[in-house]
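Observations on the model geometry
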Amino acid sequence: MAKENEAQVVETAPEVVEQTLDTQETENGQEKSYKQIIKDLIKNGWGTKKNLRIRNVVITPKEGYHMLTFVVEPPVPGFVNDGDGNYIEGVTNNIYSSTFAVSGVLKETEDLGWLAQNIIAKPKLANHIFTGGQVDVIFKKVLEGEEFVNPFSSNAEPQEMEHNTYIYYITNLRQSKNGDMVIREMRTQVAKACLDDDII
């Protein structure tokens, strides 16, 4: 598949399996941290991709949230719709996520936790901050008819896959140089607003 076409492949976007970052209880009743969940998944065979360059972030309004499609390079494993409803295993440049999932990741990211609610309220920020940056992901292949349970949620219901797919979870995000400028400007505005509130 030609590289220029990979980023334009628009398979029927799967329903995003939410990366709700609930803590989980272990057998001895202790809470399992976000980082420990990731370590356990990798230990149990999940794949990893690190330092993927973010070429673009596409924002798509959905009912109750916004889907964020991270267009990355190099391409990652994926199932692509051939146009006849068949999903062929190959590669794709698209990693599907959501504002809620990215917000959860930011809460676990040093110095970016304060951005978590801003991404939900203003989804377009994701493109301005992260295009040109990098993303780390973990992933798993799930076949048609298999049940998948969100490993990051303590009360998730099994979800049956309607077609072969790869499930991706973002584990880390790093902003671009342009993103650094956007963040600095936002911090200045937030600080000014706080000072103005104090004056009032």
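The model shown is predicted, which means the values in this text are computed figures rather than measured ones.

What follows concerns the pairing of strand S6 (residues 134–142). Pairing geometry for strand S3 (residues 47–62) and S6, over five bridges, is antiparallel. Considered in S6, the bridge of Leu-52 is made with Val-135. Two strands pair when backbone bridges link them, and S6 and strand S9 (residues 165–174) are joined in this way by nine bridges, in the antiparallel orientation. The partner of Lys-141 across the bridge, within S9, is Tyr-166.

Our next topic: the sheet that holds strand S4 (residues 65–81). Neighbouring strands of a sheet are bound in pairs by backbone hydrogen bonds; such pairs are parallel or else antiparallel. The sheet built from five strands is open, its strands ordered S5-S4-S3-S6-S9 with antiparallel pairing. Two strands in the sheet have a free side with no partner beyond their single neighbour: strand S5 (87–98) and S9. Between one strand and the next, the sheet's axes are offset by a mean angle of 45°, whatever the strand orientation.

Scanning the model with the defined rule gives eight aromatic pairs in all. On the numbers, 6.1 Å between centres and 55° between planes, the contact of Phe-139 with Tyr-166 is tilted. Residue Phe-139 is located in strand S6, and its partner Tyr-166 is located in strand S9; the two are separated by 27 residues in the primary sequence. Between Phe-139 and Tyr-168, the ring centres sit 5.3 Å apart and the planes meet at 25°, which makes this aromatic pair stacked. Of this pair, Phe-139 sits in strand S6 while Tyr-168 sits in strand S9, and the two are 29 residues apart along the sequence. Each residue in the set Tyr-34, Trp-46, Phe-148, Phe-152 and Tyr-169 is aromatic and connected to the rest through ring pairs, giving one cluster.

Of the residues in the chain, 82% have a pLDDT of 70 or more, and the chain-wide mean is 84. The low-confidence segment residues 1–17 (pLDDT under 50) makes 35 contacts with residues lying over four places distant or belonging to another chain. A low-confidence stretch, residues 20–27 (pLDDT under 50), is modelled with 27 contacts involving residues beyond four sequence positions or located in other chains.

Basis of the calculations
- Residues numbered from 1 in each chain as written.
- Predicted model: local features only at pLDDT ≥ 70, side-chain atom pairs only at ≥ 80, totals over all residues.
- Heavy atoms only, no water.
- Pairing = 2+ DSSP bridges.
- Helix = DSSP H or I, 4+ residues; strand = E, 2+ residues; numbered from the N terminus.
- Axes fitted to C-alpha atoms, helices over the stretch in contact; angles between N-to-C directions.
- Phe/Tyr/Trp six-rings, centres within 6.5 Å; stacked < 30°, edge-to-face > 60°.
- pLDDT = per-residue confidence, 0-100.
- Contact = heavy atoms within 4.5 Å.

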